[in-house]
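# An overview of the molecular structure
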Amino acid sequence: MDIIRKGRGELFTDPDPDHARAFFQKKSRKMVNKSMTLAKAIETFVHDGEYFALGGFGANRTPIAACHEMLRQRRKNMGFCGHTSTHDFEILCAGEVFDRVDAGYIVGLEARGLSPCARRYMQTGKVKVTEWTNYSISARLRAAAMGVPFIPTRNLLGTDTFECSAAKIIECPYTGKKLALHPALYPDVGIIHVHESDVYGNVRVRGILKSDNDLARASKRVIVTCERLITNEEIRRDPTETTFPYFLVDAVCEVPYGGYPGTMAYEYFSDEEHLREWLKAEEDPDVFKDFLQRNIYDCKDHHEYINKNGGMEKMLQLRTIEHLLHKEGKR
Amino acid sequence: MTTTYNAMELMICVASRELEDGSTLAVGTGAPCAAAMLAQRLNSPNLSILFEAGSVSPQLPEMPISVGDSRASHKAVMVSTMGAIMETCQRGYVDYTFLGGAQIDMYGNLNSTFIGGTHQKPKVRFPGSGGANDFGSFCWKMMVLTVQDARRFVEKCEFITTPGWLSGGNSRYEAGLPEGTGPYKVFTNMAVMDFEPESRRMRIISINPGYSVKDVQDNCGFELLKAPKITETLPPTEIELKILREEVDPHRYVIGR
C-alpha cells in the first residue's frame, strides 16, 4: 500500500499490536482484591518517563485526585495524551509532569477560557507536541482496544493538523479514496475515575463515556479511582451495568469526590467559583506558587484539599446544583 | 419602537434561524450552543443536538459550561461515546456544525492551534483542534459565528487546524474530504457571508442593520466578494430576544460578552 503523505509529528508510543499482546499475555488475570490508597497506586503503577492517559471529558468525571497525587509524588518527563484535557491539563502543566504531548484539545477549559499556566508552559518550547483531533485520539485508542495497528478515518485531510500529526495518508484499496491512518495508542498507564467499582476492578460508569471503554482496554496498566466501592455481588446482580471488567484493572482506589472541582454525572456539579480561583491565581506565577502549595503540596490527600475548599457543605451544594434541585418548585 | 440588542445577541439570533426543525447539529459550548438552544425553543423543537463527549439529542435546561457536563446530556435520548458521535458525523448523518477560531481565511479555513512563533515554540498557544477538524471534515454544512475583525479575518491562516475550502475550487474534495461537505455560511456582527460556488471564496450576501459593505470590508484582512444582490439582515425579533435573554442565557454568560 503506497503512502501518499506522512505527518511530520513524532509518534510517542509503539503501535505494534504484537508487542502489546506480549505485555497482555503476562498480565495477571487473577480476580484478587486490588483496593489500595491512591498514593500507593500512583507509586506502584505510574513511573517517570512513561506515557499516560486520563479518562473523563474536560473537567467531567476526570481523575483530578490522581493528578494532584502525581504532583505530590513529583512525576516528571512523562508523555501525555491530551484528549479533551482541561483542568487536568492545567494541573499537570503546573507540575511540569510531561515533556511530550499528543494534542487533541489542550490549554483551554471550554467556556471558562484558557489557562494562563498551561499556555505559559506550552509556550516555553520545552514540550514536544504532536497534533491530533479529538476523534483522532478516540480512533487511536479504538485501534489499540481492537488489537490492530491502525484505523483509517476521513478527518485531518488537507490541514496543518495532519502535517503536525504522526498520521499517514493512503489510497483506499477498495474505493481509491484518500484515508488518514491513525496508529494504535497503547498508553503505559490509564487512570480513570468512575462511579462504582468492586475491589477487583469491575467498573460502572454513568453518563457520557467519551473513550474510556477503549482507554481501559488499550492501556497496559489501569488505575481506577471510584466514588464508592460496591460488592462483587452487586456487580453480578446486573452485569449489563458493567462498563469494563476486572482483568484490565491493576488498582482500585476509593476516592469520594475524586473528580472535584470538576463534575461527576448524577453526583455533583463543578465548583465554578474554585475553578475561577485557579485561573485567577495563575495570572501571577508567585501567587500561583502559593496557591499550589496550599491546595496540592501541603495536602496529604484529596480529602484535605476538599476540606480546605468548603468541605462537605460545599459538596452538598454541588449535589444540589448537579440535580438542578435549586430550580425545583420555582415559579 | 426600536428593539435594542448587542452584537452577540444579533449573531446568535441570525445564526439560529438556519437550524430547521428535524435537522441534526454537532456543536460546542458558547454562542453556537446558545443559537441551538434558541432554535430548539422557538422554531425547531426537534432539532437534534450532538455533543462530542457522547450526548445524543438532549433538551438543554440551561447553558452547558462543558459539552461533557450533565446539562449537555439533560433529557438526552442516549449517552454514548466520542467515537459514536464522530462516526455519526463521518457516516453522513449530521447536517450542521458551528465552529470558531482565532483566525479564519477567505476559504473558511480555521486556525485554533497557535499564532506567532513556531509550532514547537508558539507565541500564543490555543487548544488545537478539539473536535473542530472532525466536525469541519464530516458535517454537511459548516458554519462560523465570530466577530468581524481584520486580525481574525486573515488572507491566509498561519495554521489550518480545521479544513474549509482549503485553497478554493475543488481542492477540498481533491484532498479526500467527503463529497458535498464544506463551509456554508459565516455570521458576524456586521454581515452574513457565504462562499462563491466556483472559487469557494467568501462573499457578502447580507448586511446587518447599521453597517455598510464598506464597514465589513474595512474589518476584513482580505478582499470579500459580493453577491449579485446583497440583502439586509432581518434584525432580532422581540420574541427571539425574549427567549434568548430569559431562557437561553439568563446569566448572560454568552450574550454579556
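Here goes a summary of the coordinates provided. All residue numbers here refer to positions counted from 1 along the written sequence of the relevant chain. Going through the entries in the order they are written, you letter the chains from A and number the ligands from 1. In keeping with the predicted nature of the model, local features appear solely for residues at pLDDT of at least 70, side-chain atom pairs appear and are counted solely at 80 or more, and the whole-chain, interface and lining totals rest on all residues.

### Details of the overall build of chain A
- A run of DSSP states H or I qualifies as a helix once it reaches four residues; a run of E qualifies as a strand once it reaches two. Both are numbered from the N-terminal end. Check the secondary structure of chain A and you find 13 helices and 12 strands.
- Our radius of gyration is a C-alpha quantity, and the globule rule it is checked against amounts to 2.2 Å times the number of residues to the power 0.38. Here the C-alpha radius of gyration of chain A, 20 Å, is about what a compact globule of 331 residues would show, namely 20 Å.
- Taken along the three principal axes of its C-alpha coordinates, chain A extends 60 × 50 × 50 Å.
- Between the buried cut of 20 or more and the exposed cut of 12 or fewer other C-beta atoms within 10 Å of a residue's own C-beta lies the partly exposed class, and all C-beta atoms are placed from the backbone. Taking all 331 residues of chain A together, 54% fall into the buried category.
- Once C-beta atoms have been placed from the backbone, residue pairs whose C-beta atoms lie within 7 Å are recorded as contacts. Counted over contacts in chain A with a minimum sequence separation of 6, partners at least 24 positions apart contribute 77%.

### Things to note about the interface of chain B and chain A
- Contact with chain B, which involves 50 residues of that partner, is made by 50 residues of chain A.
- Looking at the side of chain B that touches chain A, the elements with two or more residues in it are α3 (82–90), β9 (122–125) and α4 (132–138) of chain B.
- The residue classification treats Ala, Val, Leu, Ile, Met, Phe, Trp, Tyr, Cys and Pro as nonpolar and Asp, Glu, Lys and Arg as charged. All others, Gly included, are polar. Residue composition of the side of chain B that touches chain A, grouped by class: 19 nonpolar, 24 polar and seven charged.

### So, helix α13 (residues 311–322) of chain A
- For α13 of chain A, built from 12 residues, the straight-helix expectation of 16 Å at 1.5 Å per residue is met to within 8% by its first-to-last C-alpha distance of 17 Å.
- Phi for Leu-324 of chain A, located one or two positions after α13 of chain A, is positive at around 55°. By this rule the span expected of a helix is its residue count minus one, scaled by 1.5 Å.

### Quick notes on the sheet that holds strand β1 (residues 3–6) of chain A
Residue and element names in this part refer to chain A.
- Pairing between strands is defined by DSSP: at least two bridges between the two strands are required. With antiparallel pairing, four strands are arranged side by side in an open sheet as β1-β7-β8-β6. Single-partner strands in this sheet number two, and they are β1 and β6 (150–153). Averaged over all pairs of adjacent strands, the angle between strand axes in this sheet comes to 30°, irrespective of strand direction.
- Pairing geometry for strand β7 (residues 168–171) and strand β8 (residues 178–183), over four bridges, is antiparallel. Counterpart to Ile-170 in the pairing with β8 is Leu-179.
- Only C-alpha atoms enter the line fits that serve as axes; for helices the fit covers just the stretch in contact. Angles between N-to-C directions range over 0 to 180 degrees. In the packing of helix α6 (residues 134–146) onto the sheet, the strands contacted are β6 and β8, and the crossing angle to β6 comes to about 145°.

### Here we look at the pairing of strand β4 (residues 98–103) of chain A
All names here are of chain A.
- Strand direction decides the pairing type here: strand β3 (residues 78–82) and β4, joined by five bridges, are parallel. In the strand pairing of β4, Cys-81 is matched with Asp-102.
- A crossover counts as right-handed when, viewed with the strands pointing away from the observer, the path leading from the first strand over the helix to the second turns clockwise. In terms of handedness, the path from β3 via helix α4 (residues 87–94) over to β4 forms a crossover that is right-handed.

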